[in-house]
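Structure at a glance
Letter by letter, the chains look like this.
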Amino acid sequence: MPELPEVETIRRGLDNQIAGLRIKSVQVKKARLVKGSVKKFIAVLTGNVFLKFNRRGKLLIAALKSGQFLLIHLKMTGQLIYQHGRQLIAGGHSFVGMDWRLPNRHTHIIFSFRNGSRLFFNDLRQFGYMKIVSKIELEKELKKFGIEPLTAGFSLKNFVEIFANKKTSAKALLMNQKFIAGLGNIYADEVCFYAKVKPSRRVPSLTEGEIKKLYQGCRVILAKAVKARGTTFSDYVDADGRQGGFIKFLKVYGRKGEKCRRCRRGVIVKIKQGGRGTHFCPQCQQ
DNA sequence: AATTAGACTCGGCCTA
DNA sequence: GGAAGCCGAGTCTAAA
């Protein structure tokens, strides 16, 4: 699940709760999820302090007091759960039917803090990772990302430039992190719907107006999704009694067979495009 | 014409 | 067996 809005939601939660805490110990139960040496990973983190949580695209970046950074990527099924007494801050993949006794069998890395609280990194499919990097290495990583939506650099002009000389499909371009950082499969489908553009449309065939609509779609949908605290396919409620509320705003994703909520004529179809489930209304998306 | 860099596509990583 | 992400290998394409 975790795309920009979900990662941003967990970033805010962790920044509020963990920033300033000293790490008492780190337990790595599955070495696969640590990139590089596990020994070094533990050595760097033990006794270190989380200063600040940042985000670039779908990548979480925790600044450490030592001057290094902890990179966290949740990929498809990663979850971060911070437990402090009865308080829980959690984000990432669906929590439906999850075993809330922590750690559970999908818990691969555990951070323990001096105040008794803990941070669990769970990942069912084990695609996610954590990695320690230096400032130099971080800058190298960040160069791989395109423009960041919801920042001043995300202008129509920059967006239009990205679409110049591209031969791929509208959806594939929206999802390419090198050009636009943060959109994944759900939000790319939603943005295409917003713009009335069929996800498979080749970029050279898009009109100026359609590109502008795609741009507006990115802004409107991502801003709304962040405000709703992301799309959480679960009944999970966080410490403030809130849950990811964007699911009810989804217009096409997960709505195969339903009547289109806009034109009320088409029926949402689901096809495979570039190996990904792709949803659209054949009536109002051209 | 041959070369090269960048764009593009797709399989694989895993679990349940 | 469905899947919300990304990397790397391989192929394709435009430029000069």
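Criteria and thresholds
- Residues numbered from 1 in each chain as written.
- Chains lettered and ligands numbered in written order.
- Predicted model: local features only at pLDDT ≥ 70, side-chain atom pairs only at ≥ 80, totals over all residues.
- Heavy atoms only, no water.
- Helix = DSSP H or I, 4+ residues; strand = E, 2+ residues; numbered from the N terminus.
- Rg over C-alpha atoms; globule rule 2.2 N^0.38 Å.
- Buried < 20%, exposed > 50% of the residue type's maximum accessible area, 1.4 Å probe, protein only.
- Contact = heavy atoms within 4.5 Å.
- Areas by Shrake-Rupley, 256 points an atom, 1.4 Å probe, with all protein chains shown as cover.
- UniProt positions renumbered as here; feature names shortened; annotations may be inferred.
- Phe/Tyr/Trp six-rings, centres within 6.5 Å; stacked < 30°, edge-to-face > 60°.
- Lys NZ or Arg CZ within 6 Å of the ring centre and 35° of its normal.
- Domains from an automatic or database assignment.
- Buried area = accessible area lost by both parts, 1.4 Å probe.
- Salt bridge = Lys/Arg side-chain N within 4 Å of Asp/Glu carboxyl O.
- Nonpolar A, V, L, I, M, F, W, Y, C, P; charged D, E, K, R; others polar.
- Near = heavy atom within 4 Å.
- Polar contact = N/O pair within 3.5 Å; in protein donor to acceptor, adjacent residues only side chain to side chain.
- Expected span 1.5 Å × (residues − 1).
- Arc of directions from axis to C-beta.
- Core = buried A, V, L, I, M, F, W, Y, C linked by side-chain atoms within 4.5 Å.

Overview of the overall build of chain A
Looking only at helices and strands, chain A has seven helices and eleven strands in total. Computed over C-alpha atoms, the radius of gyration of chain A comes to 20 Å, within 12% of the 19 Å expected from 2.2 N^0.38 for 286 residues, which places it in the range of a compact globule. Judged by the C-alpha coordinates and their principal axes, chain A covers about 55 × 40 × 30 Å. The burial tally for chain A puts 51% of its 286 residues in the buried class. Taking all contacts inside chain A whose residues are at least 6 apart in sequence as the whole, residues at least 24 apart take part in 61%. With the model as given, the accessible surface of chain A reaches about 13,500 Å², and the carbon-plus-sulfur share is 51%.

So, the UniProt feature "domain: FPG-type" (unreviewed entry) in chain A
This chain's UniProt record puts "domain: FPG-type" (unreviewed entry) on residues 251–286. Taken end to end, residues 251–286 has its terminal C-alpha atoms 16 Å apart, with 0% of it in helix and 28% in strand.

Details of the packing of aromatic side chains
With the rule as written, the count across this model stands at eight aromatic pairs. Between phenylalanine 50 and phenylalanine 53, the ring centres sit 5.3 Å apart and the planes meet at 40 degrees, which makes this aromatic pair tilted. Among the aromatic residues, those joined into a cluster by ring pairs are Phe50, Phe53, Tyr82, Phe111 and Phe113. Here lysine 166 stacks its cationic end above the ring of phenylalanine 179, 4.3 Å away from the centre of that ring. Lying over the aromatic face of phenylalanine 249, lysine 224 brings its terminal NZ or CZ to 4.3 Å of the ring centre.

So, the environment of phenylalanine 163
Tracing the backbone shows phenylalanine 163 in helix α4 (residues 156–163). Of the residues examined, phenylalanine 163 reaches a relative accessible area of 5% and is grouped as buried. Spatially, the C-alpha atoms of phenylalanine 163 and phenylalanine 179 are 9.4 Å apart, while their sequence positions differ by 16 residues.

Section: the domain arrangement of chain A
Parsing chain A into structural domains produces domain 1 (4–142) and domain 2 (156–280). Computed over C-alpha atoms, the centres of domain 1 and domain 2 are 27 Å apart. Each partner contributes residues to the interface: domain 1 has 18 residues there, and domain 2 has 19 residues. Carbon and sulfur atoms supply 65% of the area that domain 1 and domain 2 bury against each other, a total of about 1,400 Å² over both sides. In this structure, the connection of domain 1 to domain 2 is made through zero salt bridges. Tallying contributions element by element places helix α1 (residues 4–18) first for the side of domain 1 that touches domain 2, with six residues. Partitioning the side of domain 1 that touches domain 2 into residue classes produces nine nonpolar, four polar and five charged.

Describing the protein's contact with DNA strand B
Every residue lining DNA strand B is accounted for by Arg32, Arg105, His106, Leu124, Arg125, Gln126, Phe127, Lys166, Lys167, Thr168 and Arg202. For DNA strand B, the fraction of atoms within 4 Å of the protein that belong to sugar or phosphate moieties is 65%. Between leucine 124 and DNA strand B, the recorded distance is 3.3 Å, taken from a backbone N or O atom to a sugar or linking oxygen. Between a base oxygen of DNA strand B and a side-chain N or O atom of arginine 125, the distance comes to 2.6 Å. Looking at the surface near DNA strand B residue by residue, the classes come out as two nonpolar, three polar and six charged.

A short note on helix α7 (residues 208–227)
Spanning 20 residues, α7 covers 29 Å between terminal C-alpha atoms, matching the ideal 28 Å at 1.5 Å per step. Among all positions in α7, only Glu210, Ile211, Leu214, Tyr215, Gly217, Cys218, Ile221, Leu222, Ala225 and Val226 are buried. Projection of α7 onto a plane perpendicular to its axis shows the buried side chains occupying an angular sector of 155 degrees, all on one side. Among the exposed residues of α7, those oriented more than 90 degrees off its buried face are Glu208 and Lys227. Its buried side turned inward, α7 meets α1, α4, α5 (170–175) and α6 (185–194). A positive backbone phi angle near 70 degrees is found at arginine 229, which sits one or two residues after α7.

So, the UniProt feature "domain: Formamidopyrimidine-DNA glycosylase catalytic" (unreviewed entry) in chain A
Under the UniProt annotation, "domain: Formamidopyrimidine-DNA glycosylase catalytic" (unreviewed entry) lies at residues 2–128. Counted over residues 2–128, helix gives 18% and strand 39%. Its end C-alpha atoms are 11 Å apart.

Thoughts on the nonpolar core
Core analysis: the biggest nonpolar cluster contains 31 residues, and Phe159, Phe163, Leu174, Leu183, Tyr187, Leu206 and Leu214 have the highest contact counts within it. Those elements giving two or more residues to this core turn out to be α4, α5, α6 and α7. In terms of residue count, the dominant contributor to this core is α7 (eight residues). Other than its neighbours up to four places away in sequence, phenylalanine 163 contacts Leu173, Leu174, Val203, Leu206, Ile211 and Leu214. Ile18, Leu70, Leu74 and Tyr82 belong to the second largest nonpolar core, which has 30 residues in total.

What to know about unusual backbone geometry
Following leucine 102, the chain continues into proline 103 via a peptide bond in cis, with omega recorded as -5 degrees. Inspection of the secondary structure puts proline 103 in the loop between β6 (87–92) and β7 (107–113).

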